[in-house]
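# Architecture and fold: a report
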Amino acid sequence: MGRGDGYDDAAGALRGLVREAGECLVLDGALGTELEAHGADLQDELWSASCLVSAPHIIRKVHLDYLEAGANIITTASYQATLQGFQSRGLSSEQSETLLRRSVEIAQEARAIFVEGRSKGPYAGRENDGSRERRPVLVAASVGSYGAYLADGSEYTGDYGRSVTKEALKNFHRRRLQVLADAGPDLIAFETIPNKLEAQAYSELLEENDIRIPAWFSFTSKDGANAASGDPITECAAVADSCRRVASVGINCTAPGLIHGLILSIRKVTSKAIVVYPNSGETYVAETKEWVDSAGASGTTDFASCVGKWREAGASVVGGCCRTSPATVGAIARALREADAADVFYRPKPCSLVFSQKS
Ligand SMILES: C[S+](C)CC[C@H](N)C(=O)O
Ligand SMILES: N[C@@H](CCS)C(=O)O
Ligand SMILES: [Zn+2]
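On a predicted model such as this, the values are computed, not experimentally measured, just so you know. (Residues numbered from 1 in each chain as written. Chains lettered and ligands numbered in written order. Predicted model: local features only at pLDDT ≥ 70, side-chain atom pairs only at ≥ 80, totals over all residues.)

## Overview of the overall build of the protein chain
Secondary structure assignment for the protein chain yields 13 helices and 12 strands. Burial statistics for the protein chain: of 359 residues in total, 55% are counted as buried. Taking the contacts inside the protein chain whose residues are at least 6 apart along the sequence as the reference set, 77% of them involve residues at least 24 apart. (Helix = DSSP H or I, 4+ residues; strand = E, 2+ residues; numbered from the N terminus. Buried ≥ 20, exposed ≤ 12 C-beta atoms within 10 Å, placed from the backbone. Contact = placed C-beta atoms within 7 Å.)

Structure, rendered in structure tokens:
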């Protein structure tokens, strides 16, 4: 599987974890909007990253709430944490890098509290309902897209302008990615990617920087067929498929009603694990930093009833994005347990369908 450089493809690492979790990993829900629900003020260019300075205790509490709700994976508060963003606020590069590392440490602290002091291993020794003795509990370092840094909602349009080349995106993300990887997360979550160009930039960075932490690439979509920019989702997913550092590919911060079709499209171009974590179906208004009802969407986070269908279509990592909550994640975890108990859902064969065998 490797290329003689001691690195095996990342999909294999995730394969074992999905299997240990019972063929589906539960991802957490919103971090940013859940911090807001706890009183944090996100009316800021740094959005949730401002809480790394002002409210790390709330971040830790939200991580813990998701673990208690049944999440296997918690995602760090680094979505909009960038060296460039911190430095524009007058922080030194050293202080900025410390904050990036802190985002991973806070999640690791929450995990350590959850597993009652067993901070070394990525497992919980107990289960709320006693149904599983051990379950994987993982920390994913969030890397928000360049559009997140711009703070103009362009992670939902993919319109970065012509001057933003692949090289510019690589230069923007390079040091941030290295600092996050060096902090020792279990996974790296490239989230809310709106276009193919940024996926190509990430893919090249992972190789060039020899990042050995399994990554996922997760795209946004507004129409159920294309990434937010209009690039076909099949082309975007194919970029992720061809990168051996990528363990999983999927969709986040997208309306729940679009998810099923997108899974089917992605499945056509990859056998890697598919990750999905939709938002509430509401639309983000960057000017006011508020969420509004979209036509046909009522801001519901009650999409757990769809989880069986998504799993049947091929998703094996499922959670929630903006405006979802620990209650959403609890419902997802329950839906998956019920599916296990009923044993009615499609079970992809490990090593043949869900995971890449390519090098
Ligand atoms: C995931 S979006 C809701 C994050 C906030 C956005 N990048 C902004 O700053 O407006
Ligand atoms: N992990 C981020 C994604 C924003 S789209 C968050 O939940 O805040
Ligand atoms: Zn989101």
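## Considerations on the UniProt feature "binding site: Zn(2+)" (unreviewed entry) in the protein chain
Summarizing the sequence annotation, UniProt attributes the feature "binding site: Zn(2+)" (unreviewed entry) to C253, C321 and C322 in the numbering used throughout. Spanning 70 residues, the named residues form one tight spatial group whose C-alpha atoms are at most 6.2 Å apart. Mapped onto the elements of the fold, C321 is located in the loop between β12 (315-318) and α13 (326-342). We classify C321 as buried; it has 29 C-beta atoms within 10 Å. (UniProt positions renumbered as here; feature names shortened; annotations may be inferred.)

## Considering helix α9 (residues 196-208)
If you check α9, its first and last C-alpha atoms are 18 Å apart, about what 13 residues at 1.5 Å a residue would give, namely 18 Å. Turning to α9, its buried residues number three or more, namely K196, L197, E198, A199, A201, Y202, S203, L205 and L206. Structurally, α9 contributes buried residues whose contacts are with α7 (146-150), α8 (166-182), β6 (187-193), β7 (215-219) and α10 (233-241). Downstream of α9 by a residue or two, D210 has a phi angle that is positive, lying close to 50°. (Expected span 1.5 Å × (residues − 1).)

## What to know about the packing of helix α6 (residues 93-114) against α8
At a closest axis distance of 9 Å, the pairing of α6 and α8 adopts a crossing angle of 45°. Taken together, the axes of α6 and α8 are oblique relative to one another. For the element pair α6 and α8, the recorded crossing hand is right-handed. Between α6 and α8, the residues in contact are E97, L100, R101 and V104 and R176, V179 and L180, respectively. Taken together, the residues of the contact of α6 with α8 break down into 4 nonpolar, no polar and 3 charged. (Axes fitted to C-alpha atoms, helices over the stretch in contact; angles between N-to-C directions. Parallel < 35°, antiparallel > 145°, perpendicular 65-115°, else oblique. Left-handed = near helix turned anticlockwise from the far one by under 90°. Nonpolar A, V, L, I, M, F, W, Y, C, P; charged D, E, K, R; others polar.)

## Regarding the site of ligand 2
Surrounding ligand 2, one finds A30, L31, G32, S48, T75, Y79, S142, E191, T192, C253, C321 and C322. Class assignment for the residues of the shell around ligand 2 results in 6 nonpolar, 5 polar and 1 charged. (Near = placed C-beta within 6 Å.)

## Regarding the sheet that holds strand β8 (residues 246-252)
The 8 strands are arranged β1-β12-β9-β8-β7-β6-β5-β2 in an open sheet whose pairing can be described as parallel. In the strand order of this sheet, the two ends are held by β1 (25-26) and β2 (73-75), each with one partner. Here β6 runs beside β7; their pairing, made up of 4 bridges, is parallel. Paired with F190 across the bridge in β7 is F217. (Pairing = 2+ DSSP bridges.)

## What about helix α11 (residues 256-267)?
With 12 residues, α11 extends 17 Å from end C-alpha to end C-alpha; this agrees with the ideal 16 Å at 1.5 Å per step. Those residues of α11 that sit buried are P256, I259, L262, I263 and I266. Angularly, the buried residues of α11 cover 110° about the axis, an arc narrow enough to put them on a single face. (Arc of directions from axis to C-beta.)

## Let's talk about the environment of V164
Here V164 shows up in the loop between α7 and α8. V164 sits in the partly exposed class, given 19 other C-beta atoms within 10 Å. Between the C-alpha atom of V164 and that of E198, which follows or precedes it by 34 residues, the distance is 9.9 Å. With residues near it in sequence (within four places) discarded, V164 still touches Y146 and L169.

## Notes on the nonpolar core
Counting residues in each nonpolar core, the largest one holds 113 residues, and the members touching the most others are I188, A215, F217 and V318. If we skip the residues at most four places from it in the chain, I188 touches A140, A141, V143, L180, A181, I213 and A215. (Core = buried A, V, L, I, M, F, W, Y, C linked by C-beta atoms within 7 Å.)

## Thoughts on the pairing of β8
Burial within β8 is extensive, with 7 of its 7 residues counted as buried. Across 5 bridges, β7 lies against β8 in parallel orientation. Note that in β8 the partner of S218 across the bridge is G250. In this view, the connection linking β7 to its parallel neighbour β8 by way of α10 has right-handed handedness. The sheet contact formed by β8 and strand β9 (residues 273-277) spans 5 bridges and is parallel. What sits directly across from N252, in β9, is Y277. For the segment spanning β8, α11 and β9, crossover handedness is right-handed. (Right-handed = clockwise from strand over helix to strand, strands pointing away.)

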